[in-house]
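Observations on the model geometry
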Amino acid sequence: MASNEKEKVVIVGSGWAGYTLAYGLDHRKYDMTVISPENSFAVTPLLASAACGLFDCRLAHEPIRRKDLHAKYMKAYVTDIDFKNQIVFCRPAFEQLKNERLEVPYDKVIIAPGCTTNTFGVPGVEKHAIFVKNVADANIVRSRLNDNLEMASLPCTPEAKQRQLLHVVIVGGGPTGIEMAAELTDLFDGDLGALYPDLKGKTSVAVHDVAPQILSPFDRRLQEYATQTLRSHKVEIKVNSHITNVTADTIETREDGVIGYGILIWATGNKARPLVEDLKTLKSDHGLKRILTNDNLQVLAPDGTVIPNAYALGDAADIEGGSLPTTAEVAVQKADYLVKHLNSGTFTRPFKYQQRALVTYTGRRDGVIGGKHDYTGYGAWLSWRSGNFFWTRSWRRRILMCFAWLMDWIDGREIIRN
Ligand SMILES: Cc1cc2nc3c(=O)[nH]c(=O)nc-3n(C[C@H](O)[C@H](O)[C@H](O)COP(=O)(O)OP(=O)(O)OC[C@H]3O[C@@H](n4cnc5c(N)ncnc54)[C@H](O)[C@@H]3O)c2cc1C
Ligand SMILES: *[C@@H]1O[C@H](CO)[C@@H](O)[C@H](O)[C@H]1NC(C)=O
């Protein structure tokens, strides 16, 4: 087939869903364009470790522009889609070009812009908290940790200030928040004692959540196990905690008043992106607002009919009548499904999700796994580490990561080496 006969596929978003599609769709059949403000794909399960210096942050993402990925790329936000005339509208993701508009016609559009973090309208969060959504965020955590450690170890810093600088507050007791807490305790209890002897015992980590328990996707027994484990590592678990105000160095909670912090990490639930709010499609009406599709992942119009040549998946979408979690697992399984069916040109089977185990690391080579067979402890840690390995699809990165773990084991974390 000549190249000008190829069908034009526009992929909105370069996350788990968009990247998997761009990689998997047949470039001899489709002329693909990925439109996303980010020109790399963040391997989200690796971000917590990267942020705490277990390995180089660069290992936790994969560039979109690479030789074996045959998609074109445009650094822009999609702002609207005209489903009737099959045009995607976008705005360049550059401040100096923010008034420019781009129109990209398509034969098929695949919508996967993910979600943003919900700040629940708490004042100051946007400005002062760090979200752990991509590699840039992980780098911010890392450099803040570095700065705060150095600042705390200066002779002019009084002890109360040292303790505040080294107090990390994590808001959100979901898997992301808990893994951050776990990685931080590993870092604080492990290598730092030897390198900053004067800061020993002055570091602390607290996890705040509005819910009465942490790790809501897991069952009760595992929640309690994780809570006990983290508490034994001296992580303060503050459930039923309502944050009302955030400043550059304090949070205010309804229960405990003003609390000082050195680093604030915000890892609460998901919120719909403006694009998802604005698109004229059928949407879920309870909880997180998501674009609804049929079980072939075709987008549904507000009246429930199929919109031709439009597909949606990932955190931004859900199948009508079902309710799948916002996880990479689901995003990847849906992307694999679309790849298979778009490459062959037929949709014979509906999409069916295969439940896999849920894994969360709780620190010091321990963790919890929910799902098929619930278990905890060292086995869970191994499975989490090998799970990390599984998430990493490129061989180059797998080798680099093994090397990083080895160096970590021999010589301490990278964070203190750079
Ligand atoms: C720290 C962390 C750890 C996690 N760990 C796990 C785990 O262990 N296991 C698991 O299953 N899940 C995990 N998740 C969840 C998982 O990352 C998400 O479910 C997954 O990223 C969803 O994929 P997605 O492609 O829908 O969205 P994303 O991966 O969020 O990608 C969305 C993409 O769309 C782009 N975009 C945004 N707005 C626009 C726009 N207007 N136009 C164009 N592009 C746009 C974004 O820049 C991004 O590239 C984790 C998430 C986080 C944050
Ligand atoms: C938040 O705290 C700051 C600093 O104490 C204060 O100026 C501001 O009024 C507070 N905002 C709210 C909504 O409480």
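In what follows, the structure referred to is the one given above.
This report concerns the structure included in the present document. (Residues numbered from 1 in each chain as written. Chains lettered and ligands numbered in written order. Predicted model: local features only at pLDDT ≥ 70, side-chain atom pairs only at ≥ 80, totals over all residues. Heavy atoms only, no water.)

Each helix and strand in the protein chain was counted, giving 12 helices and 25 strands. Put simply, the protein chain has 418 residues, and 52% of those count as buried. Expressed as a percentage of contacts within the protein chain between residues at least 6 apart in sequence, the contacts between residues at least 24 apart total 63%. For the protein chain, the exposed surface amounts to about 19,500 Å²; the carbon and sulfur share of it is 53%. (Helix = DSSP H or I, 4+ residues; strand = E, 2+ residues; numbered from the N terminus. Buried < 20%, exposed > 50% of the residue type's maximum accessible area, 1.4 Å probe, protein only. Contact = heavy atoms within 4.5 Å. Areas by Shrake-Rupley, 256 points an atom, 1.4 Å probe, with all protein chains shown as cover.)

Moving on to the site of ligand 1. In the vicinity of ligand 1 lie 28 residues, with A17, E38, T44, V78 and D315 positioned nearest. Here an oxygen atom of ligand 1 sits 2.9 Å away from a polar atom, N or O, in the main chain of A17. Backbone polar atom of V78 to a nitrogen atom of ligand 1: 2.9 Å apart, as the coordinates give it. Within the complex, the protein chains bury 87% of what would otherwise be the 1,000 Å² of accessible surface of ligand 1. Of all the elements in the fold, those that place two or more residues in the shell around ligand 1 are α1 (16–24), β2 (30–36), β5 (72–82) and α10 (328–344). By residue number, the principal contributor to the shell around ligand 1 is α10, which donates 3 residues. (Near = heavy atom within 4 Å. Polar contact = N/O pair within 3.5 Å; in protein donor to acceptor, adjacent residues only side chain to side chain.)

It is worth spelling out the side chain of D315 at this point. Structurally, the position occupied by D315 is in the loop between β21 (306–312) and β22 (317–319). Apart from residues no more than four positions distant in its own chain, D315 is found in contact with G114, C115, N270, L288, R290, T326 and T327.

This part is about the nonpolar core. Counting residues in hydrophobic clusters, the biggest one holds 79 residues, and the most contacted among them are I11, L21, L25, I110, I170 and M180. By residue number, the principal contributor to this core is α10, which donates 9 residues. Taken domain by domain, the makeup of this core includes at least three residues from each of domain 1 (7–117 + 270–344) and domain 2 (125–268). If we skip the residues at most four places from it in the chain, L25 touches V9, I11, Y30, M32, I110, L338, V339, L342 and N343. I81, C90, V104 and A272 belong to the second largest nonpolar core, which has 25 residues in total. (Core = buried A, V, L, I, M, F, W, Y, C linked by side-chain atoms within 4.5 Å. Domains from an automatic or database assignment.)

In this section: the site of ligand 2. For ligand 2, the full set of nearby residues is P123, N245 and T247. N245 places a polar side-chain atom, nitrogen or oxygen, 2.4 Å from an oxygen atom of ligand 2.

A few words now on the packing of aromatic side chains. Geometry of an aromatic ring pair is reported as the spacing of the ring centres plus the angle between the planes. Scanning all chains against the criterion turns up 6 aromatic pairs. Arranged with centres 4.8 Å apart and planes meeting at 80°, the rings of W16 and F41 form a pair that is edge-to-face. Taken together, the residues span a long stretch of sequence, with W16 in helix α1 and F41 in strand β3 (residues 40–42) at a distance of 25 residues. W16 sits in the buried class, given a relative accessible area of 10%. For F41, a relative accessible area of 4% puts it in the buried group. Between Y337 and F347 the ring centres are 6.1 Å apart and the planes differ by 55°, which places this aromatic pair in the tilted class. One end of the pair, Y337, is in helix α10; the other, F347, is in the loop between α10 and β23 (358–363), and 10 residues separate them in sequence. A relative accessible area of 7% means that Y337 is categorised as buried. (Phe/Tyr/Trp six-rings, centres within 6.5 Å; stacked < 30°, edge-to-face > 60°.)

This paragraph deals with helix α4 (residues 135–153). For α4, which comprises 19 residues, the first-to-last C-alpha distance of 27 Å matches the rise-based estimate of 27 Å (1.5 Å per residue) to within 8%. Every buried residue belonging to α4 is among V135, D137, A138, V141, R142, L145, N146, N148, L149 and A152, and all of these are buried. Between the side-chain oxygen at the start of α4 and the backbone nitrogen of A136 there is a gap of 3.3 Å, and the oxygen is on N134. (Expected span 1.5 Å × (residues − 1).)

Within the secondary structure, L215 sits in the loop between β12 (204–208) and α8 (220–232). According to the relative accessible area criterion, L215 is buried, its value standing at 1%. Measuring from C-alpha to C-alpha, the distance between L215 and T227 comes to 9.0 Å, with 12 residues separating the pair along the chain.

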